[in-house]
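# A structural walkthrough
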Amino acid sequence: MSSAKLRIAMFSGNYNYVRDGANQALNRLVGFLLRQNVAVRIYSPTTDTPDFPPTGDLVSVASIPLPLGRGEYRLARGLTKAARRDLEAFGPDIVHVAAPDILGHRAISWARKRGIPVLASMHTRFETYPRYYGLGFLEAPLEAMLRRFYRRCDAVVAPSESMAQVMRAQGMGETIGIWTRGIDTSIFNPRQRDLGWRRSLGIDDAEPVIGFLGRLVMEKGLDVFANSIEALRARNIAHRVLVIGDGPARDWFAQRLPGSVFIGFQSGADLGRAVASMDMLFNPSVTETFGNVTLETMACGIPVIAAHATGSDSLVQDGVTGQLVPPGDISAYANALAKYCTNAALRQAHGAAGATASSAYNWDIVNQAMLDQYRRLIHTRPARHG
């Protein structure tokens with residue numbers, strides 16, 4: 001099947017109304033597919049104030065605010081009659097589901113009734129989220145729900161080999177493929193470092209800057225970050241914290257990190273400059289499936305201190321491009337931070353190695369592999385299902 005004849009229906013829980021790594025990858029994929037003359041139609045909840053314009057044709061589906069104080073996100077109510085009519089008229093060759101929600105389940109059911117193959121892309125470790133909100137008892141049943149979702153699909157792809165290994169161990173599917181991520185080196189590169197910009201924030205040139213990059217929500221490991229910085233401060237080691245990002249936990253984070261510099265959400269060249277102007281990234285999250293922020297930082301020639309967990313351990317080579325630390329080990333995190341804060345030569349060496357390693361991640365190569373996966377699935381599914 002040529003690209004010009006291929007028609008893909010994509011279902012997302014959040015395509016563009018709140019910016020995150022998952023929907024940035026989906027929008028890049030759609031942009032690539034459109035350049036290959038593939039027809040793509042996206043079905044997702046929407047809002048009147050999206051964070052960025054959608055790439056491709058976006059069809060709004062009915063939704064409600066997510067409960068438990070996370071109303072910035074929307075929960076799709078399912079596949080409405082209007083969306084079904086639109087889907088029937090579009091006539092997809094393959095269905096791509098990107099969120100294990102009600103909409104995703106309804107899309108799978110719709111496709112299975114019509115003999116249309118379904119591919120699921122895994123983006124977020126949803127089963128780990130309850131532990132950050134005092135609901136750890138929900139982790140096991142949530143994992144069971146995810147297992148049912150992914151096993152209903154004809155193919156599943158994860159963003160990293162480490163995440164694929166976790167999914168295999170959890171019984172999410174017999175074969176888990178890889179759809180990794182790329183990097184835009186026109187934005188993220190060492191040339192974007194700007195000491196003058198740092199000075200404008202009140203940061204001295206010789207002051208080691210520990211960066212946090214991401215949405216300010218508890219599941220990103222904000223408590224571990226804050227505890228580790230407190231442990232570092234207790235050792236009287238000079239440093240400054242730079243926080244790039246925003247979110248509902250901002251006030252809590254700022255209270256825990258007095259004297260830190262919060263610059264809010266950044267994008268494009270401004271984001272590249274902010275990342276390249278750090279001296280190290282501290283990413284303690286254990287909910288990552290790939291670690292976009294880790295790759296972006298490596299591309300800027302900055303070393304990374306990360307949890308030895310999914311995503312990060314597929315990107316960071318311990319002792320070469322950064323340091324991997326057992327999740328939640330505050331003392332070990334403080335040791336790793338102290339090592340970089342007191343050794344500029346080590347920071348530079350590990351940062352340079354990271355920039356070299358990141359050059360292997362090219363968006364067009366990554367997304368061409370996904371297009372090839374679509375074609376293989378369409379070609380092989382009839383034989384598998386008779």
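Rules of the game
- Residues numbered from 1 in each chain as written.
- Predicted model: local features only at pLDDT ≥ 70, side-chain atom pairs only at ≥ 80, totals over all residues.
- Heavy atoms only, no water.
- Core = buried A, V, L, I, M, F, W, Y, C linked by side-chain atoms within 4.5 Å.
- Buried < 20%, exposed > 50% of the residue type's maximum accessible area, 1.4 Å probe, protein only.
- Helix = DSSP H or I, 4+ residues; strand = E, 2+ residues; numbered from the N terminus.
- Contact = heavy atoms within 4.5 Å.
- Axes fitted to C-alpha atoms, helices over the stretch in contact; angles between N-to-C directions.
- Parallel < 35°, antiparallel > 145°, perpendicular 65-115°, else oblique.
- Left-handed = near helix turned anticlockwise from the far one by under 90°.
- 1 Å grid on protein atoms, 1.4 Å probe; cavity = no way out; pocket = protein on both sides within 12 Å on 5 of 7 lines; lining within 4 Å.
- Points joined across faces, edges and corners; volume = space filled by probe spheres on them.
- Nonpolar A, V, L, I, M, F, W, Y, C, P; charged D, E, K, R; others polar.

Here the focus is the nonpolar core. Phe11, Tyr43, Val95, Val97, Tyr150 and Met167 are the most contacted members of the largest nonpolar core, which totals 32 residues. Listing elements by their share of this core, those giving two or more residues are strand S1 (7–11), helix H2 (81–90), strand S6 (94–97), helix H3 (102–113), strand S7 (118–121), helix H4 (139–151), strand S8 (155–158) and helix H5 (161–169). Among the elements that take part in this core, H3 stands out by supplying five residues, more than any other. Ignoring sequence-local partners within four residues, the contact set of Met167 consists of Met122, Tyr150, Val156, Ala158, Met172 and Ile176. With 30 residues, the next largest nonpolar core counts Leu232, Val241, Phe282 and Ala307 among its residues.

Where helix H10 (residues 292–299) contacts helix H13 (residues 344–358), the two axes come as close as 7 Å, and the packing angle between them is 110°. One way to sum up the angle between H10 and H13 is to call them roughly perpendicular. The crossing of H10 and H13 is left-handed. The residues of H13 that touch H10, namely those facing Leu295, Met298 and Ala299, are Gly351, Gly354, Ala355, Ala357 and Ser358.

With that out of the way, let us pick up the layout of surface pockets. Unfilled space is identified by rolling a water-sized probe across the atoms. Computed from the structure, the second largest pocket encloses a volume of approximately 210 Å³. In terms of lining residues, the second largest pocket is bounded by Tyr150, Arg151, Cys153, Asp154, Ala155, Val156, Met172, Gly173, Glu174 and Thr175. Each residue belonging to the lining of the second largest pocket can be placed in one class, and the counts come to five nonpolar, two polar and three charged.

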